[in-house]
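Take a look at the letters that make up each chain.
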Amino acid sequence: MSCKTILAKEISASFREEIKATIKSRGIKPKLVGFLANEDPAAIKYAESTSKTCEETGVIFELRKCNREQLEDLIVEANEDDSVHGIMVYYPVFGDRQDQYLQNVVSVSKDVEGLCHKYIYNMYHNNRFLDEKQTKKCIIPCTPLAIVKVLEYIGVYNPVLPYGDRLHGRIITIINRSEIVGRPLAALLANDGGKVYSVDINNIQEFHRGTGLRLRKHEVQDTNLKLEDILPLSDVVITGVPTPSYKVPTALLRDGAVTINFSAFKNFEDNVKEKASIYVPAVGKVTIAMLERNLLRLYDYRSF
Ligand code: NAD
């Protein structure tokens, strides 16, 4: 077996070092406030890891636990507080459209998660900057951005190609189409030139920029394809199915495929390393590094 397992800790190390060095050399005190309004064990664990990483890198992190009915007013208060530079909310709070509303209550200038309408719209439309002079890059949602960084680290992005086209020729399957991770990730990778098969419980869609990347931004097509059609073609398979019983059949993977799991559960079979060239079992630590990177960006954009 020549498969290499690559851990999120290794991938995130250079980002964490850079953030730490920036904060120290500039003598700044960026402050992130996290709102926890649920008892979800995954959210609590995420909050604990955020706190630990922030402490290591020099970011001030304040976890504010509250009742979900108080949350909106508390977000507004933090929006108006000049000592707070970034705000995040541990979802789900209500688990329905009200969560989408809350994502838009967070000020654009403090939205470290990149989940407000402006950032999501710019991402889907492949608008990469906030200003005409192209000095301020848009904030990208943390987990999709973390997976982009994982793909760059592994070398799936081809640095010889121009920025924005570096996935040209790559076929990528993403098994998850949630609004928080899977759909934005499919759009980002297709905007970067990849041909992406986006799988959810109901169907498979194709995200792409057309032959020769003729389109400026990705388009989406419904397909009648099945997992057994697309897995053998895929250079990269990314999974995020939130159930312990779900497993991608190793037999269907292309020999030498890159395999990445972001689900809290192992979505690949135990024998995945017999077929894959690279296996990334989790991405959580890279997500937190991206959260801090977004925070530093927003700290510097404060005047807008
Ligand atoms: P979600 O429930 O919103 O979405 C799940 C997605 O999986 C949906 O698109 C659904 O259609 C699809 N799905 C479910 N069963 C399927 C099946 N049998 N075949 C194909 N598709 C199927 O969940 P989410 O918020 O996207 O989170 C998914 C997982 O990722 C969770 O385990 C969560 O803890 C984890 N997660 C990790 C990070 C991180 O940074 N590590 C961040 C966010 C979420």
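Just so we're clear, the structure is a prediction, and the values are computed from it rather than from any experiment. (Residues numbered from 1 in each chain as written. Predicted model: local features only at pLDDT ≥ 70, side-chain atom pairs only at ≥ 80, totals over all residues. Heavy atoms only, no water.)

### Brief notes about the packing of aromatic side chains
Spelled out, the test is: Working definition: rings of Phe, Tyr and Trp (its six-membered ring) pair if their centres are within 6.5 Å, and the pair is stacked with planes under 30 degrees apart, edge-to-face with planes over 60 apart, and tilted otherwise. Put simply, DSSP H or I for four residues or longer makes a helix, DSSP E for two residues or longer makes a strand, and each gets a number counted from the N terminus. Exposure categories follow from relative accessible area, calculated using a 1.4 Å probe and restricted to protein chains: below 20% of the type maximum is buried, above 50% is exposed, and the middle band is partly exposed. For a Lys NZ or an Arg CZ to count as sitting over a ring, it must be within 6 Å of the ring centre and within 35 degrees of the ring normal.
Evaluated as defined, the whole model comprises two aromatic pairs. Ring centres of Y46 and Y90 lie 5.4 Å apart, and the angle between their planes is 90 degrees; on these two criteria the pair is classed as edge-to-face. Taken as a pair, Y46 in helix α2 (residues 41-57) and Y90 in the loop between β4 (86-89) and α4 (97-105) lie far apart in primary sequence, 44 residues in all. Given a relative accessible area of 1%, Y90 falls into the buried group. The ring of Y299 carries the charged tip of R302 above its face, separated from the ring centre by 3.8 Å.

### Some remarks on the site of the ligand
Going by this rule: Residues are counted as near a molecule or strand when any one of their heavy atoms sits within 4 Å of it. Nitrogen and oxygen atoms within 3.5 Å of one another constitute a polar contact, given that in protein one can donate a hydrogen and the other can accept it, and given that sequence-neighbouring residues count only through two side-chain atoms. In the scheme used here, Gly and all other residues not listed as nonpolar or charged are polar, with Ala, Val, Leu, Ile, Met, Phe, Trp, Tyr, Cys and Pro taken as nonpolar and Asp, Glu, Lys and Arg as charged.
Inspection of the region around the ligand gives 18 residues, with N176, R177, S178, A264 and T287 positioned closest. The contact in question runs from an oxygen atom of the ligand to an N or O atom on the side chain of S178, over 2.6 Å. The contact in question runs from an oxygen atom of the ligand to an N or O atom on the backbone of I201, over 3.0 Å. Looking at the shell around the ligand residue by residue, the class counts come to nine nonpolar, seven polar and two charged.

### A closer look at the pairing of strand β6 (residues 195-199)
Note the following rule: In this description, strands pair whenever DSSP reports at least two bridges between them.
With four of its five residues buried, β6 lies for the most part within the structure. Pairing of strand β5 (residues 171-175) with β6 involves five bridges; the strand directions are parallel. By the bridge assignment, I175 is partnered in β6 with V199. The pairing of β6 with strand β7 (residues 204-208) spans four bridges and is antiparallel.

### Observations concerning the layout of surface pockets
The test is simple: Cavities and pockets are found on a 1 Å grid laid over the protein atoms alone: a cavity is a set of points where a 1.4 Å probe fits but cannot escape, a pocket is an open set with protein on both sides within 12 Å along at least five of seven lines, and a lining residue has an atom within 4 Å of such a point. Grid points are joined across faces, edges and corners, and a volume is the space filled by probe spheres set on the points.
The volume enclosed by the second largest pocket comes to roughly 460 Å³. Residue assignment for the lining of the second largest pocket shows that the elements contributing at least two residues are α5 (117-124), α6 (142-154), α7 (182-191) and α9 (284-300). Here the lining of the second largest pocket gets four residues from one element, more than from any other, and that element is α6. Each residue belonging to the lining of the second largest pocket can be placed in one class, and the counts come to ten nonpolar, six polar and eight charged.

### A closer look at the sheet that holds β7
Inclusion rule: Pairs of residues are marked as contacts when any of their non-hydrogen atoms sit within 4.5 Å. What counts as an axis is a line fitted to C-alpha atoms, over the stretch in contact for a helix, and the angles between N-to-C directions run from 0 to 180 degrees.
Pairing is mixed across the open sheet formed by eight strands, whose spatial order is β1-β11-β10-β9-β5-β6-β7-β8. The sheet is open, and its two edges are formed by β1 (4-5) and β8 (219-223), each paired on a single side. Sitting on the sheet, α6 is in contact with β9 (236-239), β10 (258-261) and β11 (278-280), with an inclination near 150 degrees to β10.

### Examining the pairing of β4
On β4, burial covers both faces: G86 and M88 on one face and I87 and V89 on the other are all buried. As judged from the four bridges shared by strand β2 (residues 31-36) and β4, these two strands associate in the parallel manner. In the strand pairing of β4, V33 is matched with I87.

### Some points on the sheet that holds β4
Pairing within the open sheet is parallel, and its three strands lie in the order β3-β2-β4. This sheet does not close on itself; its edge strands, each paired only once, are β3 (60-65) and β4. Going across the sheet, the axis of each strand differs from the next one's by a mean of 20 degrees, ignoring polarity. Summarising the sheet, β2 and β3 pair through six bridges and their orientation is parallel. Each residue of the ladder has a partner; that of K31, found in β3, is I60. Contacts from α2 reach β2, β3 and β4, with the element oriented near 155 degrees to β3.

By themselves, these observations are geometric and do not establish any function.
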